[in-house]
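The primary structure of each chain is shown beneath.
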Amino acid sequence: MAAGRRAPERAYHRRARGKRADRLAGGACRRAGIKKLRRIWILSNADWIALAFLVVFAAIGAIAGCGRVLKFFTSGIFGIIISVFACYCLGGLILGIPFIGDLLDKFASLWAGTAFLETIHLEVIVYYIVLFIIVTLIRILIVRILKNILEIKFLPVKIINRVVGAVLLAGIMTVIALFVFQIIYWVYGADGNPELVEALSGAFNLDQLYLNNPMNYLTQIGKTVEEEGDAVAAIVSAVVSAA
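Residues numbered from 1 in each chain as written. Predicted model: local features only at pLDDT ≥ 70, side-chain atom pairs only at ≥ 80, totals over all residues. Heavy atoms only, no water.

1. Points about a positive patch on the surface
Step number 1: On the surface, Arg68, Lys153, Lys158 and Arg162 cluster together to form a positively charged patch.
Step number 2: Turning to its location among the elements, Lys153 is positioned in the loop between helix H7 (122-150) and helix H8 (155-192). (Patch = residues over 30% accessible without salt bridge, like charges linked within 9 Å, V, L, I, M, F, W, Y side chains within 5 Å. Areas by Shrake-Rupley, 256 points an atom, 1.4 Å probe, with all protein chains shown as cover. Salt bridge = Lys/Arg side-chain N within 4 Å of Asp/Glu carboxyl O. Lys, Arg positive; Asp, Glu negative; His and termini not counted. Charge placed at Lys NZ, Arg CZ, Asp CG, Glu CD. Helix = DSSP H or I, 4+ residues; strand = E, 2+ residues; numbered from the N terminus.)

2. Notes on helix H4 (residues 76-95)
Step number 1: The end-to-end C-alpha separation of H4 is 27 Å, in line with the 28 Å expected for 20 residues at 1.5 Å each.
Step number 2: At Cys89, H4 is bent by approximately 35°, the largest bend along its length. (Expected span 1.5 Å × (residues − 1). Bend = angle between axes of the 7 residues up to and from the residue.)

3. Considering helix H2 (residues 45-64)
Step number 1: End to end, H2 covers 29 Å across 20 residues, agreeing with the expected 28 Å (1.5 Å per residue, within 8%).
Step number 2: Looking at H2, one finds that the buried residues are Ala46, Asp47, Ala50 and Gly61. Around the axis of H2, the buried residues are gathered within 105° of arc, so they sit on the same side. In this structure, H2 carries Asn45, Trp48, Ile49, Val55 and Ile63 as exposed residues pointing more than 90 degrees from its buried face.
Step number 3: In the stretch just after H2, Gly65 is the one whose phi turns positive, near 90°. (Buried < 20%, exposed > 50% of the residue type's maximum accessible area, 1.4 Å probe, protein only. Arc of directions from axis to C-beta.)

4. Considerations on the environment of Phe85
Step number 1: Tracing the backbone shows Phe85 in helix H4.
Step number 2: When its relative accessible area of 36% is taken as the criterion, Phe85 is described as partly exposed.
Step number 3: Note: C-alpha distance between Phe85 and Phe132 (47 residues apart in sequence) is 9.7 Å.

5. Structural notes on the layout of surface pockets
Left-over empty space is what a probe sized like a water molecule reveals as it rolls over the atoms.
Step number 1: In this structure, the largest pocket occupies an estimated 590 Å³ of space.
Step number 2: Taken together, 17 residues line the largest pocket, and the ones lying closest to its centre are Phe78, Ile81, Ile82, Val175 and Ile176.
Step number 3: Elements that contribute at least two residues to the lining of the largest pocket include exactly helix H3 (66-73), H4 and H8.
Step number 4: Counting residues per element, the lining of the largest pocket draws most heavily on H4, at six residues.
Step number 5: In the lining of the largest pocket, the residues fall into 16 nonpolar, one polar and no charged. (1 Å grid on protein atoms, 1.4 Å probe; cavity = no way out; pocket = protein on both sides within 12 Å on 5 of 7 lines; lining within 4 Å. Points joined across faces, edges and corners; volume = space filled by probe spheres on them. Nonpolar A, V, L, I, M, F, W, Y, C, P; charged D, E, K, R; others polar.)

6. With respect to the packing of aromatic side chains
Step number 1: If you walk through the whole model with that rule in mind, you get five aromatic pairs.
Step number 2: With a centroid separation of 4.9 Å and 70° between ring planes, the pair formed by Tyr127 and Tyr128 is classed as edge-to-face.
Step number 3: Aromatic ring contacts, followed pair by pair, group Phe72, Phe73 and Phe78 into a single cluster. (Phe/Tyr/Trp six-rings, centres within 6.5 Å; stacked < 30°, edge-to-face > 60°.)

7. Topic: the pattern of salt bridges
Opposite charge on two side chains lets them pair, provided their charged atoms get close.
Step number 1: All chains considered together, the criterion is met by one salt bridge.
Step number 2: For Glu151, the salt bridge goes to Lys147, with nearest N and O atoms at 3.0 Å.
Step number 3: Judged by its relative accessible area of 19%, Lys147 falls in the buried class.

8. A few points about the environment of Arg144
Step number 1: Along the chain, the position of Arg144 falls in helix H7.
Step number 2: The class of Arg144 is exposed, set by a relative accessible area of 59%.
Step number 3: Measuring from C-alpha to C-alpha, the distance between Arg144 and Lys71 comes to 7.8 Å, with 73 residues separating the pair along the chain.

Nothing here speaks to function; it is geometry throughout.
In structure tokens form, the structure reads like this:
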């Protein structure tokens, strides 16, 4: 009888011990979760620098406005870089169009027999110079139109001008920072500068941005365009022939 009376007591104590174990396990999980959140949300020095970097340039962009930011980064040396990059991406594509190729062949026949001019492919040089001039004129025209539209003295347009200016300047400076990261990566590599990788680790995962930089794919753009240029040129040629 005594053993029968003690059985419910033992069951009660087992349930109590189980509940206590569950509470301890739950508390441990909560503490681990809090520690993990702290590790995620506590900003490192690199995170604070990146945040200040974005805030400062966003404020400058908002003060200057999108029109001025756009004009600054599409004129001078920046404008030349944009035009050269556009020619680099589009040059092979346009050159693959049969109509353009035929014109260049006729142009090259003017100095047929001149070994030096044939060796340097003067027709291609002239083609890229003309393409650079055309791209530059189009760039200047687009920038002036956008600048005049964004600087209209109308309150909603002014607000849009400020907001877009902040986003634009912050984005441009981010791209420049990524380009600097890529140059450092090319020089040191992933394992050549572990101190930098460690310093960049934090809530914003700047270390992963350094190791997996989107700018790394920039060098593949020309190759991709060149590979796809023939296919696009064939499509354009077919459309022109059908027309």
